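Understanding the architecture of this molecule
Here's the letter readout for the chains.
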Amino acid sequence: MRSRYIAAVQDKPWWLAGGIPASACIAAYQAKGASSYEASKVNLANPGTYDCIAGGAVEPTLTADGWFFADDTTHRLNTQLVCGGYWSLIVKFKRENENSTTYIFGSYSGVNYHMIYHLNAVNKLAFLNGGSTRVNGVLVLDGVACLTNEQTYINNTKYGTPTAGSLPGGTYGIGIGGRRNDEAIPNDVWVAAAAIYYNTLIDNQVAALTAAMNAL
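In this text the structure is predicted, and so the values were computed from the model without any measurement.

1. With respect to the overall build of the chain
When helices and strands are tallied, the chain shows two helices and 15 strands. Considering the chain as a whole, with its 216 residues, one finds that 52% of them fall into the buried category. In the chain, once contacts between residues fewer than 6 apart in sequence are set aside, the share between residues at least 24 apart is 61%. As presented, the chain carries roughly 8100 Å² of accessible surface, and 49% of it is formed by carbon and sulfur atoms.

2. Things to note about the sheet that holds strand 10 (residues 135–136)
Strand order in the open sheet formed by seven strands is 2-5-14-7-8-9-10, and the pairing between neighbours is antiparallel. Among the strands making up the open sheet, the edge pair consists of strand 2 (53–54) and strand 10. One ladder, built from six bridges, connects strand 7 (residues 102–108) with strand 8 (residues 113–119); its direction is antiparallel. Following the sheet pairing, G106 is matched in strand 8 by M115.

3. Some words on helix 2 (residues 203–214)
Given 3.6 residues to a turn, an α-helix orients residues that are three or four positions apart in the same direction. Along its 12 residues, helix 2 runs 17 Å from first to last C-alpha, staying within 8% of the 16 Å computed at 1.5 Å per residue. Tucked into the core, helix 2 has its buried residues touching strand 6 (88–95), strand 11 (142–147), strand 12 (152–154) and strand 15 (189–197).

4. A short note on the packing of aromatic side chains
One pass over the full model with this rule turns up five aromatic pairs. Taking the centre distance of 6.5 Å and the plane angle of 70° together, the rings of W67 and F69 count as edge-to-face. Accessibility assignment for this pair places W67 and F69 in one class, buried. Consider the rings of F68 and W190, whose centres lie 4.5 Å apart with planes at 40°: the pair is tilted. You can see F68 sitting in strand 4 (residues 66–69) and its partner W190 sitting in strand 15, a full 122 residues away along the chain.

About the thresholds
- Residues numbered from 1 in each chain as written.
- Predicted model: local features only at pLDDT ≥ 70, side-chain atom pairs only at ≥ 80, totals over all residues.
- Heavy atoms only, no water.
- Helix = DSSP H or I, 4+ residues; strand = E, 2+ residues; numbered from the N terminus.
- Buried < 20%, exposed > 50% of the residue type's maximum accessible area, 1.4 Å probe, protein only.
- Contact = heavy atoms within 4.5 Å.
- Areas by Shrake-Rupley, 256 points an atom, 1.4 Å probe, with all protein chains shown as cover.
- Pairing = 2+ DSSP bridges.
- Expected span 1.5 Å × (residues − 1).
- Phe/Tyr/Trp six-rings, centres within 6.5 Å; stacked < 30°, edge-to-face > 60°.

What follows is the structure, given as structure tokens:
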């Protein structure tokens, strides 16, 4: 049986799909198919470094679809990573409630953002990259979303260039299921897998990653 950490399209870990060098991946997490909750929090790209820890009073539940972050303000995970540049973020998620605002993956410092989230006001997936101007995609309840310094993608379709600005700093790190490492707002989302890269992912890499993450 194929390992859950191997992409169906190539004999490589899914987080290195499309020829991404191992040195480019800061962290990769896979909840869907993980052998246990503790195993799901391990940084597969470099186990023991930037493993996820609890970011709130209650940690998510591990389900067949990945981590489930309930519709309250207490469930989230902390990647222990503080955003140090215009890193690329990619996440596979699923939702059932299109009418709530959900912060899926990223960091927030009050005025500056680097994140992927679902905005209730327009019922669309949205991206913020340092500046206050967001890129809106489409209403999507199940898919792979990617944010780079040059482009935004939903299921490998482009939705526009994000506006650069000042990135979050200090202690405000990247969280899963919240607006940052230590703050959440009501959510209702499953996260199957997520990864963070030093470099700006390019089109063919995003395409390969999307296929690999959808094959998990």
